[in-house]
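Observations on the model geometry
Listed here are the chains, written in short residue letters.
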Amino acid sequence: MNQLDTAGIRSIVGRFPTTRDEDWKYTDLAPARDISLRWLDAGATPPAVAGDREVTALTSEIDAHWFVIANGTLTRRPDATGVTIGQLPATDRNDDALAELNAALLREGLRIQVSGTPDKPLGLLFIDTADSVAVSQARVELVLAAHSDVDLVEYHVSQGHAEHFANTELRIDIADHARLRHVRIQSRDRNHVQTAATAITLGRDSSLNMTGFDLGGRLIRNDLDIELAQKGAAAVFDGLYLAGDDQHIDNHTRVDHLVGPAVSRQEYRGILNGRCRCVWNGKVIVHEGADGTDGDQANHNLVLSEKAEIDTKPELEIYADDVKCSHGTTVGQLDETALFYLRSRGLDRRHATQVLTHAFAAGLVSRIPVAAAIQLAEKLVIARLADLIDDPVRNDVTA
Amino acid sequence: MLEIKDLKSRIGDTEILRGLSLSVNAGEVHAIMGPNGSGKSTLAQVIAGHEDYEVTGGSVTYKGRDLLELDPEIRAREGIFLGFQYPVEIPGVNNAYLLKAALNAKRKHRGEPEIDAFEFLKTAKERMASLGMDPKFLHRGVNEGFSGGEKKRNEILQMAMLEPELAILDETDSGLDIDALKAVAAGVNALRSPERAIILVTHYQRLLDYIQPDFVHVLSGGRIIRSGDKSLALELEAKGYDWVREAVAT
């Protein structure tokens, strides 16, 4: 990285979106601004990179061709047939302040091209270590060649208990007739802030099947933009977020149906307990001429605490004629009838609550499209849920 | 075993039980019959501890303890089992998990070790075979997508595994075809023993052809208006509930 233009970075940070911006109405990036400025004040030193042993412990959980991106630097790359690895050219960005920050601070961008059917899933491990206040950027471009068939595991973790702000960008191009199965697991430390922009473009008769999990983090903002650019494209994506005290998890999705026929389906589920806030905003835009669009979006929330807050909003803009679009959102509490049924079988209220919340989450876990990732995702979801439900201070359901 | 005295209960502003008394001893099978809305299901729910039903008077003593002050899960662990009229579907929780969790909750309550996984599977499969249930049901979501008959068999399976001291079966016979009815009755009869008591809540006499009750009670307007032996059920079947109501009124 060249000599850091500290004043320039400060100016970018000053232009971060605020709650006055419509897309950021419910998510205040103040913690990201604050971390960035304190990091600059402290000399903007690159954070320490995770040790090999920690990385190996994580990557050994799933048998995959792992790329390890530690604090934004590629520290491990696989050697796999059909996978070409390159560097992204540096670019100036001015689309928004977060993209600008990414471009200004990025140490190296990774470009991965895949053809054919790799023998194992590709893994992207984003690991951020913060022993003192830190900021990191990562940028990955994944290009799936026509007719390729790929499993992808994207895993975000963090270490160290200092505050960290990770700003990541992932761009995926799925060429004609290619298929991508994608699992995304975000299991960051509760001191960490992440803004993650993911943009996926689908070609003719291509497909995306994706399940995402947001289990950790203090402030998490995911922007998932999907472009159905060619006829016959199908994007099916689901997400689960589990939030407890002092967590803020925001999922903004946007699907652009540029042509038809094409299919998009999304279902996000959330379980909230304690003083937390979650946001789901699902926008589907059916552009002029995109006849034959079939779109569905759903967001279901289980709110276990009066202190938890959820803002859920489906947005549909249709500029074509022959379109089938639906949406549904729910916000509810535990089903008392089911709770009584379980208690009448001898399970106490807390156990019954755990069983029912787990079942609610399991509905999404069962859809994980990458077989190799099921066990890890299940393990992390169960552990997070146990923590979320079991803590008597956090949990005013059992009170 | 169970002593109900002058029990009064309401849900919301509606008074349903209006001074019900009933005494059930170990080894006995009681049938509680009555028209719709007479309070049969309310009685079952109150015994199991449903919090929507407020007890406004009277007492319920179970094995010498005040039952009404116990949480539903403690009642279950102490040996009370309610077979639901409408068993609840719980997608995502498999049957085996619930059975094991229920058994272990009871065992823990008694200071016993958790059930051995092999022993559990073996017993569950035996019980399922005798109920005519496919062992695959063990790994399906609790009652998820089950037919009416499958749900009722599943209730009986839970009962057979938990071996309750007091089983209350709420309209377990409703919606069953004859094969399912026989299987369910066989399951209940297998549980009969001098240490256990069974209360059958039913609208029709049909179930009692297969499970012979020691006592039959007629519930009407939230009270037991008549008690007798199993001939009372036959008489009811022939003459209808109005006959008892009229007989009591005069």
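Since the structure is predicted, the reported quantities are computational estimates derived from the model, not experimental observations. (Residues numbered from 1 in each chain as written. Chains lettered and ligands numbered in written order. Predicted model: local features only at pLDDT ≥ 70, side-chain atom pairs only at ≥ 80, totals over all residues.)

1. Quick notes on the nonpolar core
With 173 residues, the main nonpolar core has I69(A), L125(A), C278(A), A377(A), I168(B) and L200(B) as its most contacted residues. The element contributing the most residues to this core is helix α7 (residues 371–390) of chain A, with 8 residues. Not counting chain neighbours up to four residues away, the residues in contact with L200(B) comprise V29(B), A31(B), I32(B), L169(B), L207(B), I211(B) and P213(B). (Core = buried A, V, L, I, M, F, W, Y, C linked by C-beta atoms within 7 Å. Buried ≥ 20, exposed ≤ 12 C-beta atoms within 10 Å, placed from the backbone. Helix = DSSP H or I, 4+ residues; strand = E, 2+ residues; numbered from the N terminus. Contact = placed C-beta atoms within 7 Å.)

2. Quick look at the interface of chain A and chain B
A common measure of how large an interface is: the accessible area buried when the components associate. Residue-level contacts link 16 residues of chain A with 19 residues of chain B. Only α5 (336–343) and α6 (349–365) of chain A provide two or more residues apiece to the side of chain A that touches chain B. Considering each element in turn, the side of chain A that touches chain B owes the most residues, 6 residues, to α6(A). Grouping the constituent residues of the side of chain A that touches chain B by class yields 8 nonpolar, 5 polar and 3 charged. (Nonpolar A, V, L, I, M, F, W, Y, C, P; charged D, E, K, R; others polar.)

3. A short note on the sheet that holds strand β8 (residues 164–174) of chain A
Residue and element names in this part refer to chain A. The sheet built from 9 strands is open, its strands ordered β3-β4-β6-β8-β10-β12-β14-β16-β18 with mixed pairing. Whereas interior strands pair on both sides, the edge strands pair on one side only; in this sheet they are β3 (83–88) and β18 (309–318). Sheet twist, expressed as the mean angle between neighbouring strand axes with direction ignored, is 10 degrees. Alignment of β3 against strand β4 (residues 109–114), held across 6 bridges, turns out to be antiparallel. (Pairing = 2+ DSSP bridges. Axes fitted to C-alpha atoms, helices over the stretch in contact; angles between N-to-C directions.)

4. As for unusual backbone geometry
With an omega of 0 degrees, the peptide bond between G260(A) and P261(A) qualifies as cis. Of note, P261(A) is situated in the loop between β14 (248–257) and β15 (262–272). Phi at K63(B) is positive, roughly 50 degrees, even though this residue is not glycine. Structurally, the position occupied by K63(B) is in the loop between β4 (54–62) and β5 (65–66). Positive phi, close to 60 degrees, is recorded for N143(B), a residue that is not glycine.

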